[in-house]
Amino acid sequence: MIALILALVAGGWIAWLSERTPEPRPADAPPARFSAARAMADVGVIAARPHPMGSAENRRVRDHIVARMRALGLETEIRRGPGLFDRKVRGDLAIGGGTIENIVGVLPGRDRGASAVAVMAHYDSVPGSPGAADDASGVAAALEIVRAIRARGVPARDVVLLITDGEESGLLGAEAFFRRDPMAARIGFVVNMEARGGAGRAQMFETGTGNGQTIALYRRAVAEPAAASLSTFVYEHMPNGTDFTLPKDAGLPGVNLAFIGRQFDYHSATSTPANLDKGSLQHLGDQALAVTLATAFAQALPEPGPDQVYSQVPGGVLIAYPTWAGWLVLVAAAALIALGVLRARRTDGLSAWDAARGAAALLFAVLGAAAVLTLARKATGAGAGHFEQMWLLAQAVRWEAAVLVLALGFLLLAAATASRGRRMVAALPAAAGIVAFLLDRQDYLTLGLGLAAGAIGLFAYWRASARPGAWTGVLLTGLALAAFLQVAAPTTAYVVAWPLLAAAVGAAATDMAARRGPAALAVLALLAALTLGFAAGYAHAAYLSLDLMALQAMPVLMAALALWPLAQPAEGAPPARLLGPLLLVAGAVLVAVVRFDAPWSARHPQLSYVVYHVDQDAGSAWRTSLAPAGPWARQVLRADGGEIVRREHWMQRQPAQAAPARMVAEAPPQITVTPLPDGRVSLRAAPPPGARQLALQIRPSVAARIEQVGGVARPLELKPGRWTKVWWEAEPSGVELVLRPAAPGGLEVRYAATLERWPAGVRPPPPRPADVMAFHTSDSTVVTGTRRFTW
Ligand SMILES: [Zn+2]
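All of these numbers come straight from a predicted model, not from anything done at the bench.

1. As for the packing of helix 11 (residues 352–379) against helix 16 (residues 467–488)
Angle between the axes and distance between the axes: these two values describe a pair of packed helices.
Then step 1. Axis separation between helix 11 and helix 16 bottoms out at 6 Å; the angle between their running directions is 60 degrees. By the criterion of interaxial angle, the relationship of helix 11 to helix 16 is oblique. As helix 11 packs across helix 16, the resulting crossing turns out to be right-handed. Contact with helix 11, carried on its side by Asp354, Ala355, Gly358, Ala359, Leu362 and Leu363, involves Gly469, Ala470, Gly473, Val474 and Thr477 of helix 16 and no other residues of that element.
Then step 2. For the contact of helix 11 with helix 16, the residue count by class is six nonpolar, four polar and one charged.

2. A short note on the UniProt feature "transmembrane region" (unreviewed entry) in the protein
Then step 1. Following the UniProt record, the feature "transmembrane region" (unreviewed entry) maps to residues 324–344, 356–376, 396–416, 445–462, 495–514, 521–543, 549–566 and 578–596 here.
Then step 2. As a span, residues 549–566 carries 78% helix and 0% strand, and end to end its C-alpha atoms are 25 Å apart.
Then step 3. In residues 578–596, the share of helix is 100% and the share of strand is 0%. The end C-alpha atoms are 27 Å apart.

3. What about the coordination of the zinc ion?
Then step 1. Surrounding the zinc ion are the protein donor atoms His122 (NE2), Asp134 (OD), Glu194 (OE) and Glu194 (OE), which sit 1.9 to 2.4 Å from the metal.
Then step 2. Bound by four donor atoms, the zinc ion shows angles of 54 to 138 degrees at the metal and therefore irregular coordination geometry.

4. Describing the UniProt feature "domain: Peptidase M28" (unreviewed entry) in the protein
Then step 1. The UniProt record marks residues 102–291 with the feature "domain: Peptidase M28" (unreviewed entry), using the residue numbering of this structure.
Then step 2. Annotated as 35% helix and 24% strand, the span residues 102–291 places its first and last C-alpha atoms 23 Å apart.

5. Describing helix 9 (residues 278–296)
Then step 1. Between its terminal C-alpha atoms helix 9 stretches 26 Å, which fits the 27 Å expected from 19 residues at 1.5 Å a residue.
Then step 2. Counting buried positions along helix 9 yields 16 of 19 residues, so the element is predominantly enclosed.
Then step 3. Between the side-chain oxygen of the N-cap and the backbone nitrogen of Gly279 there are 2.7 Å, and the N-cap of helix 9 in question is Asp277.

6. Regarding the side chain of Asp135
Then step 1. When you line up the elements, Asp135 lands in helix 4 (residues 132–152).
Then step 2. At 13 Å, Arg196 is the nearest oppositely charged side chain to Asp135, a buried residue that forms no salt bridge.
Then step 3. There is a polar contact of 3.1 Å between the side chain of Asp135 and the backbone nitrogen of His122.
Then step 4. For Asp135, the contacting residues outside a window of four places in its chain are Ala121, His122, Asp124, Met193, Glu194 and Ala195.

7. Re the pairing of strand 4 (residues 159–164)
Then step 1. Of all six residues that make up strand 4, six are buried, and the element is covered over most of its length.
Then step 2. Where burial is concerned, the two faces of strand 4 agree: the one with Val159, Leu161 and Ile163 and the one with Val160, Leu162 and Thr164 are both buried.
Then step 3. One ladder, built from five bridges, connects strand 2 (residues 92–107) with strand 4; its direction is antiparallel. Bridge assignment links Gly105 to a residue of strand 4, and that residue is Leu161.
Then step 4. Bridging between strand 3 (residues 116–122) and strand 4 involves six bridges; their strand directions are parallel. The residue of strand 4 that forms the bridge with His122 is Thr164.
Then step 5. Traced from strand 3 through helix 4 to strand 4, the parallel crossover comes out right-handed.

8. A look at the pattern of salt bridges
Then step 1. Under the defined criterion, the tally for this structure stands at 44 salt bridges.
Then step 2. For the salt bridge of Asp678 with Arg680, the shortest nitrogen-to-oxygen distance reads 2.9 Å.
Then step 3. Of the charged contacts in the structure, one is a salt bridge between Glu729 and Arg692, with a shortest N-O distance of 3.2 Å. With Glu729 in strand 20 (residues 724–729) and Arg692 in the loop between strand 16 (681–686) and strand 17 (693–700), the pair connects residues that are 37 residues apart, well separated along the chain. Accessibility classification places Glu729 together with Arg692 in one group, the buried group.
Then step 4. One salt-bridge network, held together by shared partners, links Arg62, Asp63, Arg80, Glu101 and Glu731.

9. Observations regarding the sheet that holds strand 15 (residues 670–675)
Then step 1. Strands sit in the order 15-16-21-18-19 across an open sheet of five strands; the sheet is antiparallel. If you trace the sheet from one side to the other, it starts and ends with strand 15 and strand 19 (712–718), each paired once. Between one strand axis and the next, the sheet turns by 20 degrees as a mean value, whatever way the strands run.
Then step 2. Of the strand pairs in this sheet, strand 16 and strand 21 (residues 735–741) are connected by five bridges, and their pairing is antiparallel. By the bridge assignment for strand 21, Arg684 is matched with Glu736.

10. Overview of the packing of aromatic side chains
Then step 1. Considering all chains together, one arrives at 17 aromatic pairs under this definition.
Then step 2. Ring centres of Phe387 and Tyr609 lie 6.2 Å apart, and the angle between their planes is 80 degrees; this geometry places the pair in the edge-to-face category. Separated by 222 residues along the polypeptide, Phe387 in helix 12 (residues 386–393) and Tyr609 in the loop between strand 10 (606–608) and strand 11 (610–615) bring together distant segments of the chain.
Then step 3. Among the residues examined, Phe387 registers a relative accessible area of 23% and is labelled partly exposed.
Then step 4. Note that Arg423 overlies the ring of Trp462, its terminal NZ or CZ placed 4.0 Å from the centroid.
Then step 5. Taking the ring centre of Trp723 as reference, the NZ or CZ of Arg750 above it sits at 3.9 Å.

Cut-offs used in this document
- In every chain, residue numbers begin from 1 and rise along the written sequence.
- Only residues with pLDDT of at least 70 get local features here, since the model is predicted, and only at 80 or more are side-chain atom pairs given and counted; chain-wide, interface and lining totals rely on the full set of residues.
- Note that the side-chain values use all heavy atoms of the structure and ignore hydrogens as well as water.
- With axes taken as lines fitted to C-alpha atoms, and helix axes fitted only over the stretch in contact, angles between N-to-C directions fall between 0 and 180 degrees.
- Under the scheme used here, helices are H or I runs from DSSP no shorter than 4 residues and strands are E runs no shorter than 2 residues, and both carry numbers assigned from the N terminus.
- Between 65 and 115 degrees an angle is taken as roughly perpendicular, under 35 as roughly parallel, over 145 as roughly antiparallel, and anywhere else as oblique.
- When the near helix sits turned anticlockwise from the far one by under a right angle, the crossing is termed left-handed; a clockwise turn instead gives a right-handed crossing.
- Every residue pair with non-hydrogen atoms within 4.5 Å of one another is taken to be in contact.
- Here the nonpolar group is Ala, Val, Leu, Ile, Met, Phe, Trp, Tyr, Cys and Pro; Asp, Glu, Lys and Arg are the charged ones; every other residue, Gly included, is treated as polar.
- UniProt positions are given in the numbering used here, feature names are shortened, and annotations may be inferred rather than shown by experiment.
- Atoms are scored as donors when they are N, O or S and lie within 2.8 Å of the metal, with 3.2 Å used for Na, K and Ca; no water is included, so coordination may look incomplete.
- Every angle between 85 and 135 degrees makes a four-donor site tetrahedral, while opposite donors more than 155 degrees apart, with all other angles between 65 and 115, make a four-donor site square planar and a six-donor site octahedral; other sites are irregular.
- Expected span of a helix: the number of residues minus one, times 1.5 Å.
- Only protein chains enter the accessibility calculation, which uses a 1.4 Å probe; a residue is then buried when its area is under 20% of its type maximum, exposed when over 50%, and partly exposed in between.
- Within 3.5 Å is the distance limit for a polar contact, defined as a pair of N or O atoms, with the added protein rule that one can donate a hydrogen and the other accept it, and that residues adjacent in sequence qualify only through two side-chain atoms.
- We treat Lys and Arg as the positive residues and Asp and Glu as the negative residues; His and chain ends play no part in the count.
- Salt bridges, as used here, are contacts in which a Lys or Arg side-chain nitrogen is within 4 Å of a carboxyl oxygen on Asp or Glu.
- Strands pair, by our definition, only if DSSP identifies at least two bridges between them.
- Looking down the strands as they point away from you, a crossover is right-handed if its path from the first strand over the helix to the second goes clockwise.
- Note on aromatic contacts: the rings of Phe and Tyr and the six-membered ring of Trp form a pair at centre separations within 6.5 Å, being stacked when their planes are under 30 degrees apart, edge-to-face when over 60 apart, and tilted otherwise.
- Criterion for a charge above a ring: Arg CZ or Lys NZ at most 6 Å from the ring centre, at most 35 degrees from the ring normal.

Below is the structure:
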């Protein structure tokens, strides 16, 4: 019991140490070092106000960066042109783009012909957010890095500061640079800096394809590494991207760094310089500077080669090795487990049935925890979307504590029950799965998880199993899973293999926990604490990355391997076996607090997103809330005396709360369709004066191919009768699409132009209370309508 509690406390302490950000360096730090305080001067200027692409504030920020780059001695240019993206959204085509202004500055190196190192960040923000973290911190860090490089002398090769525009609108600046700018051919390595939240350690979460040499360099160069090959693997299989996606797709090596903590501030009005964690900026800058120095002053740049397996471990060390060496880890773990089994058989005897029940108890713990945590997520009452999730993000510490306490509680319960064989426990995850399904009739996954855990639990707890046998089953299950990962996705296998190796050391040293002297307990507690610290880092990352509680099954499994012999008390001795249930009760209380105690405050204001919708097809206007409306937003909606209804309109992704409003005259966009002499058709759409963005939906009656968008050749097929979304920003003259239709026909064009102001002559939104904030293009006028053309 004492060993267990010591291991939990020490594990928590290790996790806390591992997640801490470094102390920010002051403004008078040595010139060759990165100083967050120095960088904050630029963050303050850039993030004074929101500065989305095409806005006057964006131009102010651009001019500041250009002046700073020239003062640093960089050959600086604004490179203006179209940026473009296209993607499939649920089978339908979506196109976006606009006119971007990348800022490119060159710090000359000794060999001007050598491939250059690019230091990249984006200077645009989303509308409505000052973007202190995303990505003023990256831009300011890039400027501070150049200053530090100059303090060290002339680098071997050019360093290119690539400060992109339009990242938030679809990686437009990076697309324009890496697809069409001739300067891109000079780049040989990319260091990108991003943020997805206002705090936390900066993770090197993505590399170029084939990262062996890059990881070797990163490990040599960086003092406080934070990286894991699992995240590179995961990111490779995710649809969303950052600017780094473009050079990566072009085959360039490089590193992508970001901090993702305190996500309430992500794309939020609260992402101010004051709220930015300066330690995060320090950690971001330290790593980016180290990698930039290691490449800029090197004779050769890293080249693509076989991937490495790597992860930081408690103690601030990055362990890295080639994928084949993962087999050595597994062989060592297997040998140690075998040794433990042999010695346990000599002392206690081991039953194969106990091992089978132990393996089942581990699966029960992992699947059951996933079901219980998913139910807890639903029990918070917060929905799944970005807006609904703000309820949880505003009280992220409480909610994460609830998740960790529940996960740990369930794991301890599962292990402790093995000694006693209480079949009743199997009902717990089954009930969680059923309740989760009753709350959401589409959630067959959690129902399945809960019922499977219940069935497995019946077998696991049919009888009591002795600890050495049960732990043997746990370890063999871990070994099988690690071997499967080593075959299927070798850069991820370490997630199981390393905790397994630690546990196997304990198994060999303590005869599979058959020995219980103080020395054996100390060894087990130490290994459990290290493993817990390691697993907690992954629990935290899983918690931050996706709002998917089932992901916590992985850290539960990691922790279980080494914690098991401490968590399964001898023959169910009472104090230890009560710890799990106690934690589950505490977790439930925390969930109740999260659900019922409204988190809104001046630091974490409730989000509001109200627009004045002028529907020119219907000749009516609506005050519409594009996010769930709180009291302030409802007041705005009712200001013209209309009642709030749920209204559907194509400009909204889903039905929204809206109230009738006074119709006002607003200029529509200018849209023309002109047949060209060569049989093609030109669609031109220009936003009304003052609109920064224009969204279109186009539907041809016959098949047609888009040949050009905004002057960029981009062949894309339009299906007859299907809507394609097109949005264009930061270009007063609008966009031209050149289509080649398969036959005579017509085109329907819907438009939605956003004017970032309230209409003149109607009652404006009242001032917001301190605990309410505007989101994105809130307080805008949206003008929608439809045009039909034939050719
Ligand atoms: Zn960003």
